[in-house]
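Observations on the model geometry
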Amino acid sequence: MLSREDFMFTIGYDGPVAVVDGQAKKTYGHFSTGELARIGLFRAAYCSALRSKKQEEMEEVVAAYNASAGTSYGLDNPFSRLFGVIEVDAKRCIVL
């Protein structure tokens, strides 16, 4: 299983291998879900909340996104599709 930081900054998959944005991971990997959402890194914040499995983190991401985008999405919205997030059982990653 990928680490939280690798999953947050995965930009795609090459077969079973996750391709990770190394610069973004280095710069923002230590940020909390809320911090990521507040600075507008919604995809990374969503991945962080998804990985934590904490309802309050997901609510924080949704609220921050709605405030920024002027939308009124709820937790039932398909955010994985909105942000282009899929979970693949990647055993390793390539950091670019």
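Below is a summary of the structure that appears in this document. (Residues numbered from 1 in each chain as written. Predicted model: local features only at pLDDT ≥ 70, side-chain atom pairs only at ≥ 80, totals over all residues. Heavy atoms only, no water.)

**A look at the sheet that holds strand S1 (residues 10-14)**
What the three strands build is an open sheet, ordered S1-S2-S3; its pairing is mixed. Two strands close off the open sheet at either side, each with one partner strand: S1 and strand S3 (92-95). With strand direction ignored, the average angle separating the axes of adjacent strands in the sheet is 30°. Of the pairings in the sheet, the one linking S1 to strand S2 (residues 17-20) comprises four bridges and is antiparallel in character. Bridged to Asp14 within S2 is Val17. (Pairing = 2+ DSSP bridges. Helix = DSSP H or I, 4+ residues; strand = E, 2+ residues; numbered from the N terminus. Axes fitted to C-alpha atoms, helices over the stretch in contact; angles between N-to-C directions.)

**Here we look at the packing of aromatic side chains**
Going through the model one piece at a time under the given rule, you end up with nine aromatic pairs. Seen in terms of ring centroids, Phe42 and Tyr65 are 5.4 Å apart; in terms of plane orientation they differ by 90°. Their pairing is edge-to-face. You can see Phe42 sitting in helix H4 (residues 42-52) and its partner Tyr65 sitting in helix H5 (residues 55-69), a full 23 residues away along the chain. Of the two residues examined, Phe42 and Tyr65, each falls in the buried class. Summarising the aromatic geometry, the rings of Tyr73 and Phe79 are spaced 5.9 Å apart at their centres and angled 85° between planes, so their arrangement reads as edge-to-face. Grouped by ring-pair contacts, the aromatic residues Phe42, Tyr46, Tyr65, Tyr73, Phe79 and Phe83 constitute a single cluster. Between the NZ or CZ atom of Arg51 and the centre of the ring of Phe7, over which it lies, the distance is 4.6 Å. (Phe/Tyr/Trp six-rings, centres within 6.5 Å; stacked < 30°, edge-to-face > 60°. Buried < 20%, exposed > 50% of the residue type's maximum accessible area, 1.4 Å probe, protein only. Lys NZ or Arg CZ within 6 Å of the ring centre and 35° of its normal.)

**Things to note about the environment of Ser72**
Mapped onto the elements, Ser72 comes out in the loop between H5 and helix H6 (79-83). On a C-alpha basis, the gap between Ser72 and Ile86 in space is 23 Å, while along the polypeptide they are 14 residues apart.

**Considering the pattern of salt bridges**
Overall, the coordinates contain four salt bridges when judged by the stated rule. Put simply, Asp6 and Lys25 hold a salt bridge, and the shortest N to O gap is 2.5 Å. With Asp6 in helix H1 (residues 4-8) and Lys25 in helix H2 (residues 22-28), this pair connects stretches of sequence that are 19 residues apart. Judged by its relative accessible area of 27%, Lys25 is partly exposed. A salt bridge links Lys91 to Asp89, with the shortest nitrogen-to-oxygen separation between them at 2.7 Å. Comparing Lys91 with Asp89, the two get one shared label, exposed. (Salt bridge = Lys/Arg side-chain N within 4 Å of Asp/Glu carboxyl O.)

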